[in-house]
Amino acid sequence: MATLCRSVALAVLLTLVSAVDRGNFKSCQQSSFCRRHRAVKPGESPYALLTDTVTVNDAGLVGDVINENNRIVFTLEIYPLKDSTVRIKINEKNPIKPRFEDPYALVKDIHGESFEVVDQSAQGVTVKFGSHRAVVNAKPLKIDIYNGDDLVVSTNARGLLKFEHYRNKPGNEEQPAEGEGEPNALPAEDQEEDKDGLWEESFKGHTDSKPLGPASVGMDISFVNSKHVYGIPEHADSFSLRETTSTDPYRLYNLDVFEYEVDNPMALYGSVPVMLSQTARHTTAVFWHNSAETWIDIKKLPDSNVVSSITGFFSSGETDPPQVSTHWFSESGIIDVFVMLGPKPMDVFRQYAGLTGTQNLPPLFSLGYHQCRWNYNDEEDVRQVHENFDKHDLPLDVMWLDIEHTDGKRYFTWDHYKFPNPLEMTANLTARGRKLVTIIDVHFKRDSNYFFYKEVHDRDLFVHTKDGNEFDGWCWPGSSSYIDMTNPDAREHYSDTYRLDRYKGSTLDTFTWNDMNEPSVFNGPEITMPKDNLHPGIGVEHREVHNAYGMLFHESTYEGQLKRSDRRLRPFILTRAFYAGTQRSAAVWTGDNTAEWSHLRISQPMLLSLSVTGITHVGADVGGFFGNPDINLLARWYQAAAFQPFYRAHAHLDTKRREPWLFDTETLRIVRKSLRQRYQHLPLWYSLFYENELTAPSQRAKREPPCSAPRFYVTSPPSEPPNFLNDEMIISTLSPQIPVFQRGGAIIPRKDRVRRASTLMREDPYTLVIALDSDGKAQGTLYIDDEHTFDYRQGKFLYLAFSYEAGVLTSKKIDPNGSYDTASWLERVIVIGLPKQATKVSVNSATVGTRDLESTFESGSATQGSQLTIRKPGVSMQEDFTITIR
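We now turn to the structure provided with this report. Source: prediction; values computed, not measured.

### Here's the deal with the pairing of strand β45 (residues 849–852)
So, step 1. Pairing of strand β44 (residues 841–845) with β45 involves 4 bridges; the strand directions are antiparallel. Paired with V843 across the bridge in β45 is R851.
So, step 2. Hairpin connection between β44 and β45: a loop of 3 residues separates the two successive antiparallel strands.

### Let's talk about the packing of aromatic side chains
So, step 1. Inspection of every chain in the model, using the stated rule, returns 45 aromatic pairs.
So, step 2. Ring geometry for F444 against F452: centres 4.5 Å apart, planes inclined by 45°, an arrangement best described as tilted. F452 matches F444 in its accessibility class, with the two residues each being buried.
So, step 3. Consider the rings of W476 and F522, whose centres lie 4.9 Å apart with planes at 85°: the pair is edge-to-face. A residue pair is termed long-range when its members are at least 10 positions apart, and W476 in the loop between β25 (473–475) and β26 (478–482) and F522 in the loop between β27 (510–514) and β28 (534–535) qualify at 46 residues.
So, step 4. A connected cluster of aromatic rings, assembled from ring pairs, spans Y411, F412, W414, F444, Y450, F451, F452, Y494, Y498, Y503 and F553.
So, step 5. When the ring centre of W589 is taken as origin, the NZ or CZ atom of R648, which lies over that ring, is 5.0 Å away.

### Some remarks on the pattern of salt bridges
So, step 1. Under the criterion given, the structure shown has 64 salt bridges.
So, step 2. For E293, the salt bridge identified is with K531, shortest N-O distance 2.4 Å. With E293 in the loop between β17 (283–288) and β18 (294–301) and K531 in the loop between β27 and β28, the pair connects residues that are 238 residues apart, well separated along the chain.
So, step 3. Relative accessible area serves as the criterion here: at 1%, E293 is assigned to the buried category.
So, step 4. On the accessibility criterion, K531 (10% relative accessible area) is buried.
So, step 5. Counted as one network, the salt bridges with shared partners bring together D208, R251, E293, E331, E526, K531, E541 and R543.

### A short note on a nonpolar patch on the surface
So, step 1. On the surface, W474, W476 and F522 cluster together into a nonpolar patch covering about 300 Å² of accessible area.
So, step 2. In this structure F522 comes out as partly exposed when scored by relative accessible area, which is 32%.

### So, the sheet that holds strand β30 (residues 573–575)
So, step 1. As summarised here, the arrangement of the 8 strands in space is β32-β31-β30-β27-β23-β22-β21-β33, forming an open sheet in which the pairing is parallel. Each having just a single partner strand, β32 (618–619) and β33 (647–649) make up the two edges of the open sheet.
So, step 2. Of the strand pairs in this sheet, strand β23 (residues 435–439) and β27 are connected by 4 bridges, and their pairing is parallel. Considered in β27, the bridge of T438 is made with T512.
So, step 3. Contacting β27 and β30, helix α8 (residues 542–564) crosses the sheet at an angle of about 170° to β27.

### Details of the side chain of E331
So, step 1. The topology assignment puts E331 in the loop between β19 (323–330) and β20 (335–340).
So, step 2. With a relative accessible area of 6%, E331 lands in the buried category.
So, step 3. Of the polar contacts made by the side chain of E331, one reaches the side chain of K531; its length is 3.0 Å.
So, step 4. When near neighbours in sequence (up to four residues on either side) are disregarded, E331 contacts F33, D208, K210, A215, S216, A292, E293, K531 and R543.

What counts, and where the lines are drawn
Residues numbered from 1 in each chain as written. Predicted model: local features only at pLDDT ≥ 70, side-chain atom pairs only at ≥ 80, totals over all residues. Heavy atoms only, no water. Pairing = 2+ DSSP bridges. Helix = DSSP H or I, 4+ residues; strand = E, 2+ residues; numbered from the N terminus. Phe/Tyr/Trp six-rings, centres within 6.5 Å; stacked < 30°, edge-to-face > 60°. Buried < 20%, exposed > 50% of the residue type's maximum accessible area, 1.4 Å probe, protein only. Lys NZ or Arg CZ within 6 Å of the ring centre and 35° of its normal. Salt bridge = Lys/Arg side-chain N within 4 Å of Asp/Glu carboxyl O. Patch = residues over 30% accessible without salt bridge, like charges linked within 9 Å, V, L, I, M, F, W, Y side chains within 5 Å. Areas by Shrake-Rupley, 256 points an atom, 1.4 Å probe, with all protein chains shown as cover. Contact = heavy atoms within 4.5 Å. Axes fitted to C-alpha atoms, helices over the stretch in contact; angles between N-to-C directions. Polar contact = N/O pair within 3.5 Å; in protein donor to acceptor, adjacent residues only side chain to side chain.

Okay, here's the thing in structure tokens:
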């Protein structure tokens, strides 16, 4: 026991030693605007709507809001939008300089909804749109959003609205604009507040000059009748977001966090300021549209002893409903909030997709298995690795090359000694049906002999310092410059570099990994770019666009891959940094995780948080990027990741090599089985991603409840009986298999002839696995196209609906306008949950006619239902058919 205790203590010590250095990153207490907003106390808000200024136009309602403490006037806009969404904006009415409004997250076509003002008085105004209402209370300002008769969201109910107006620095004499207070004076309500950091702020030797002074915005948003909220990635924390009353708020600020901790609200690599709430009656979401640094406090208020938190500041004292009160505050920009009213989860996903776009259908190979490490040493190393996948009967779709493949970390180049023949190396991969991914980071080596740096430098397309000079930061190549992605000319030049005549050695089978694009700056404040750097492209400080910068980079990569194929082939890009809208052009992984059980555990809530906020092509590095996993952890990680959208193994330069065949025979067998399970289920994944483009997420926390009680079957049983604890199944970490459940009522398409790569399985036959619900019914879908071009947008696809009821399986086209010529046919049907053996099975279609089929039957149990296997129906997937079981 003493030895065990010493081992545990050593493990804990090693974990602490290798964990993130928190001192590199700000806490709320070290952020002046975070301190100021957290210091606002709940109570009567000084902001009031001037009801005599309210006007109505075709788009919505506009009126003036005044801060009665300092007489600064703001503009309130409320716009009802199509599909049960409402937009609320608050901005300065007469700013001394226009406030920045993020132009990058939203899609172009956002349509307004018809509405009517049903009540207007000195007390406020009510806007009705569809079955919804926005009720604006004038004094104090509060906006309640109703779904039917149910209050679901309330803004400024706790009086935490705070909008820091632009002002001149004290000592700069300038006359105030009409309708404004003295710009050189602190507002009355600010006289007693923390003044440190208003005009200059320092952290670890870095000084932010803050030439525009304090400019933060914040407001509380309450989800009524709610007990749980989700979203706001990226954090290594639980899916249901925790209260922050005793911790820092959740932070959204894209950062390069080395060896991040789990169960922590610290900011990580990306930011999506979207939060969802689900109750028994409603799913509701809020999109806080702001690309600057943002913090969010969460307070869960109980069912009782809650007074005046929602009903306002004139409550009768009666108990209010339970709620989750959230407090959002950003360093700059404006208040721009979209409220999506559902009422079901899939409705909210569709509504958010209508604002920021959907995850485009990826090429099928990107859903296969990816092999990566920092770094595969040379062309011979690459050859041996992918040949060993064949030797050990392991499917593989993509080999990856990290930064060492380049000429001295100069992106768009190759190391002439280690990778002298990249075209031949890629051809050897593609001959086996595989692809290559190379890394292109956001920093570019400052070297006048490096073609890309010189071109961008000569055109003055890099980010500037606050003094107007080209910014020089430190990253992998050493001294580096960062392209100004706010400049359309810079984006055009960068994307043009993906053309095959410019990116020498690349092919149409070479895809891209955008890393370090937070942006990471090793010698910068918080290991990122100074906030007072300038983006000449649109003339703003970096602080305004920080969280969107990485997305602009990978969007330009996406455009580059489109250009090189004349917009014919689907791109594939993996990005580390992300923002609202990233789903339109890239997949995301969870960054530099660690080979620890806690990181395997946290990967699932991290991926779900991304998925419900629109970014669904997501995964975590299998085995952990840092450290060396033991065989149990590695095997478990392969098993778990086989059922996550993006499936890639990756490892740090200093870790031991961990290709699957380097482990013992049993571990290799488990990895092989996990990979084969993944490839069997590629038709399911691909169909889900097609439906994702139509707005449903590909990875789901749970489906909406069925009409009848759910039934689950173990389709991949553990090798030993589980233990049960609190009615939950517990599987020993030493068990070589994990249970895979299929919900009763689901029909899942598979391809059981697993080959060395997904591209070689394109015309292979299908298996349908039907798990019956308690009513003996099931349904499912299947999507088929050429798996790599955009021809499906011209109608070259099959989208099929399967249904099983009363002993009849039916296949019909969902979209009759789709057509695709495929050689794939139906090889097998497995029906789970039949009460007795079939006496006769027959198939009918226009081509096959009617004929009897062979079948076998195995009796089952409550969790492993009986199984009827129907062999070789032989019908083409292109045609409608029925299979009848009697």
